[in-house]
Each structure stands twice: as C-alpha cells, then as structure tokens.
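So you can see what is in the structure, the chains are spelled out below.
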Amino acid sequence: MDTGGPERGRPAAWRRTVAVLLAGTAAVAALGALLVVVPGVVVDHDLAGASIAAKDRLSAVNNVRTTLLQAVGGMVLLFGAYATWRQLRVSQDGLRATQEGYVTDRFSTAVDQLGSDKLETRIGGLHALWRIAEHSARDREAVLSIKAAYLRTHLPWPPAEGRAPAADTHINDIVPLEVRSADTQVALTGLGVLLLHPREQTWLNLSVTDLRRADCDGLWLTAVNLDRSCMEAAGLYHANLTQASVVSVNLRHADLTTAILRRTCATPISPRPTCARRTCARRTRAVPCSTTPTCAWPTCAAPT
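Sequence order sets the numbering: in each chain, residues are counted from 1 along the sequence as written. Note on the predicted model: pLDDT of at least 70 is required for a residue's local features to be given, and 80 or more for side-chain atom pairs to be given and counted; whole-chain, interface and lining totals, by contrast, use all residues. Think of the side-chain values as coming from all heavy atoms in the structure, minus any hydrogens and water.

A. Geometry of the overall build of the protein chain. Secondary structure elements are defined from DSSP: runs of H or I of at least 4 residues count as helices, runs of E of at least 2 residues count as strands, and each element is numbered from the N terminus. For the protein chain, the count of helices and strands is six helices and six strands. Reading the protein chain from its N end, one meets helices and strands in the order α-α-α-α-α-α-β-β-β-β-β-β. Considering only contacts within the protein chain whose residues lie at least 6 apart along the sequence, 44% involve residues at least 24 apart. In short, Shrake-Rupley with a 1.4 Å probe defines the accessible areas, and a residue's cover is counted only from the protein chains shown. Just so you have it, the protein chain exposes about 18500 Å², and 59% of that area is on carbon and sulfur atoms. By the convention used here, residues are in contact when the closest approach between their heavy atoms is within 4.5 Å.

In structure tokens:
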C-alpha cells in the first residue's frame, strides 16, 4: 500500500513557496531600483549636462520619484481590480455550473417520480417539474412537453378497454377530473399556468385526450392542439383558447360564454353546435348557431 502521497506532495509545496518568495523579492528589488536609480537618471537626462544647485536637483528627483510612485500605485490598483473581476467571474461560473447540476438532478428525480405507483409521488413529481419550469426558462419547453405527454398517456380518448369511466358513461355519472385522477388535473393546471410565459415553439399536442369534467377555469391553452379530444362538461370559465385547434372536440355541456376563442379553429360535433363569432378586436365568444359549423377563422390551420 502506497502511503507516501503526502510526503511526495510536500517538496512540491515547498518549491512553490520558495518560488513565490523569490518572485516577491525580485519585485521588491525592481521597485527599489526603479524608485532610487531611475529618478536620478531621468533628471540628469533632462538637464543635459547643465549645472544646478544640489537642492534643486534633489527636488527634481523627488518629483520624478513621486510621479513614479503614483504610476506604480495606479498599476497595482488596476491589477487588483482585474484580479477581483476575474475571481468574481470564476465564482459566478462555478455557481452557475452548480445550479445547473442541481436543476438537472431535480429534473431527473421528478421525471422518475412520474412512473411511481403511488399517486402522491406522481403529484410531487409534477409539482417539482412545475417549479423547475417557473424558474428555468431553458427547461420550460421540456416540462410542457412532458406534461402534455403525461396527459395523453394517462387520459387517452377513447379510454382503453376496462378503464373507467368508459366512453359511453353518462356525464352525470362521471366525477370531476381532480377526483378521479388528481395527478392529471395537476398536470393540466400546471400546463395551463406555464403557458402564460412566452414560448419558442408553436403547437402543444393534447389531441385525443379524455378531459371530461376537467377544471380548465382561467387556464391558458393558447396554441394547443385539442383535436378529437373529449371536453364534455369541462370547466372553461375565462379559459384562453387563443389560436387553439379544437377540431372535432366534444364540447357538450361546456360553457364557452366567457372563454377567449380568438383565432380558434373548431368543428363542433355536439347536436347543438357552437361557433365563434368575433365580437371585438381582442376577444371572441362562442354563441349558438344554426348554420353549418366551420372553422371560425378560415385563415387558421389545424396542426398536422
């Protein structure tokens, strides 16, 4: 077993100490020579052989020495400021790397929690991702994509065989989403809140999703693809569906009176169709119509 590590390190440390002492001694010697020798040389050069009184020469030498001291002091201050700035930059880079590593660990842990069999663990993971996205703009798109995939995976439409509630279950027999699947309601709420932030990508895919009796009150679902989803009796009070695509979405018993449907592309499938009518420059409302339902804004295009 090798136990000579510390002993081998001591000569190297001793050599570094000696080198620092020698460098310091050389710097002091150079500074002494600069302040003792150089002023006389400068004065003699300026006199060019002219004779002056010793008192006047001494005064001139002291003036040159004072100027040199001020120059050296300014250089020391500049070097100290540069060293401090460099140290601050290194500290900031180290802190940033530490924070990024911490966020990465939290992100990985939260994603792992989504696969847990325990409901409370999955909810904790969803909340952790929500918090990460609130504080880290670079991770926000990834969190939005994860939440959307989580909803599509856990709430497919139509529901898988044997999964309750079935597609033909009457809406009065279906409990709210936050009761029957609390984790998916948390994912939906987090997604609707995070979409308040500016986004880089255009569409977020929530198509063919079972959102019956989901609580979407006040959520921002802008530029979200909800095509062929079931939102029967979903709460949409003041929900923002600007530029969303709701083609072939089941909106029976969903109150769209206060929902914002600006440039929303929709083809309702309910017996009493609804359509969007532009009522002002910034807002649209859904109202009953008797005409053949078409896309409320012919210029919008549903995502492929």
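B. Seen up close, the packing of helix 4 (residues 140-154) against helix 6 (residues 182-194). In this description, a line fitted to the C-alpha atoms serves as the axis of each element, helices being fitted only across the stretch in contact, and the angle between N-to-C directions of two axes falls anywhere from 0 to 180 degrees. Look at helix 4 against helix 6: their axes get within 9 Å of each other, and the N-to-C directions meet at 145°. Between helix 4 and helix 6 the crossing geometry is left-handed. Mapping the contact onto sequence places Arg140, Val143, Leu144, Lys147, Ala148, Tyr150, Leu151 and His154 in helix 4 and Asp183, Thr184, Val186, Ala187, Leu188, Gly190, Leu191 and Leu194 in helix 6. We call Asp, Glu, Lys and Arg charged. Ala, Val, Leu, Ile, Met, Phe, Trp, Tyr, Cys and Pro are nonpolar, and the rest, Gly among them, are polar. Its residues placed into classes, the contact of helix 4 with helix 6 shows 10 nonpolar, three polar and three charged. Each crossing is labelled by how the near helix is turned from the far one, with a counterclockwise turn of less than a right angle marking it left-handed and a clockwise turn marking it right-handed.

C. How the structure looks around the confidence of the model for the protein chain. pLDDT: the predictor's confidence for each residue, scored from 0 to 100. Here the protein chain shows a mean pLDDT of 80. Residues at 70 or above account for 84%. Looking at the elements of the protein chain, mean pLDDT is at its lowest for strand 5 (residues 274-278), recorded as 37, and at its highest for helix 6, recorded as 96. When the criterion is pLDDT under 50, residues 268-304 qualifies, and its contacts beyond four places in sequence or with other chains add up to 67 contacts.

D. Spatial organisation of a nonpolar patch on the surface. Note that patches include only residues with greater than 30% relative accessible area and no salt bridge, and the join distances are 9 Å for like charges and 5 Å for nonpolar side chains (Val, Leu, Ile, Met, Phe, Trp, Tyr). One side-chain nitrogen of Lys or Arg within 4 Å of one carboxyl oxygen of Asp or Glu is enough to make a salt bridge. Taken together, the side chains of Trp14, Val18 and Leu22 make up a nonpolar region of the molecular surface, amounting to roughly 340 Å² of accessible area. Residue placement: Trp14 occurs in helix 1 (residues 5-47). We call a residue buried when its accessible area falls under 20% of the maximum for its residue type, exposed when it is over 50%, and partly exposed in between, using a 1.4 Å probe and counting protein chains only. Residue classification places Trp14 among the exposed positions, given a relative accessible area of 59%.

E. Quick look at the packing of aromatic side chains. Pairing of aromatic rings covers Phe, Tyr and Trp, the last counted by its six-membered ring, and requires centre-to-centre distances within 6.5 Å; plane angles under 30 degrees mean stacked, over 60 mean edge-to-face, and any other angle means tilted. Summed over all chains, the structure comprises one aromatic pair. Judged by centre distance (6.1 Å) and plane angle (35°), the rings of Tyr82 and Trp85 are tilted. Within this pair, Tyr82 and its partner Trp85 are both found in helix 2 (residues 54-113), separated by three residues, close to a single helical turn. Take Tyr82: its relative accessible area is 48%, and that puts it in the partly exposed class. By relative accessible area, which is 42% here, Trp85 ends up partly exposed.

F. View of unusual backbone geometry. The amide bond that connects Trp157 to the next residue, Pro158, takes the cis arrangement and shows omega of 0°. For Pro158, the location among the structural elements is in the loop between helix 4 and helix 5 (177-180). A positive phi is found at Arg228, a non-glycine position, where the angle reads about 60°. Examined against the element boundaries, Arg228 turns out to sit in the loop between strand 2 (224-225) and strand 3 (245-247).

G. Structural context of the pattern of salt bridges. If you walk through the whole model with that rule in mind, you get four salt bridges. Residue Asp210 is joined to Arg212 by a salt bridge in which the shortest nitrogen-to-oxygen separation is 2.8 Å. Neither Asp210 nor Arg212 differs from the other in exposure class; each is buried. Within the structure, one salt-bridge network assembled from shared partners comprises Arg180, Asp210 and Arg212.

H. Here's a closer look at the side chain of Ser207. Checked against the element boundaries, Ser207 lands in the loop between strand 1 (204-205) and strand 2. In this structure Ser207 comes out as buried when scored by relative accessible area, which is 8%. If we skip the residues at most four places from it in the chain, Ser207 touches Arg152, Asn225, Leu226, Asp227 and Ser229.

I. Examining helix 4 more closely. With 15 residues, helix 4 extends 21 Å from end C-alpha to end C-alpha; this agrees with the ideal 21 Å at 1.5 Å per step. Buried within helix 4 we find Arg140, Glu141, Val143, Leu144, Lys147, Ala148, Tyr150 and Leu151. The length a helix should cover is 1.5 Å for every residue beyond the first.

J. Molecular detail of the environment of Tyr237. If you trace the backbone, Tyr237 turns up in the loop between strand 2 and strand 3. Tyr237 sits in the partly exposed class, given a relative accessible area of 48%. Taking the C-alpha atoms as reference points, Tyr237 and Thr258, separated by 21 residues in sequence, lie 5.7 Å from one another.

K. Quick peek at the packing of helix 3 (residues 119-135) against helix 4. Running from amino to carboxyl end, helix 3 crosses helix 4 at an angle of 150°, the nearest separation of the two axes being 8 Å. Judged by the angle between their axes, helix 3 and helix 4 are roughly antiparallel. Considering only the axes of helix 3 and helix 4, their crossing is left-handed. Of the residues in helix 4, those in contact with Arg122, Leu126, Leu129, Trp130, Ala133 and Glu134 of helix 3 are Arg140, Val143, Ile146, Lys147 and Tyr150. Grouping the constituent residues of the contact of helix 3 with helix 4 by class yields seven nonpolar, no polar and four charged. Here is the rule for angles: anything less than 35 degrees is roughly parallel, anything more than 145 is roughly antiparallel, 65 through 115 is roughly perpendicular, and the remaining ranges are oblique.

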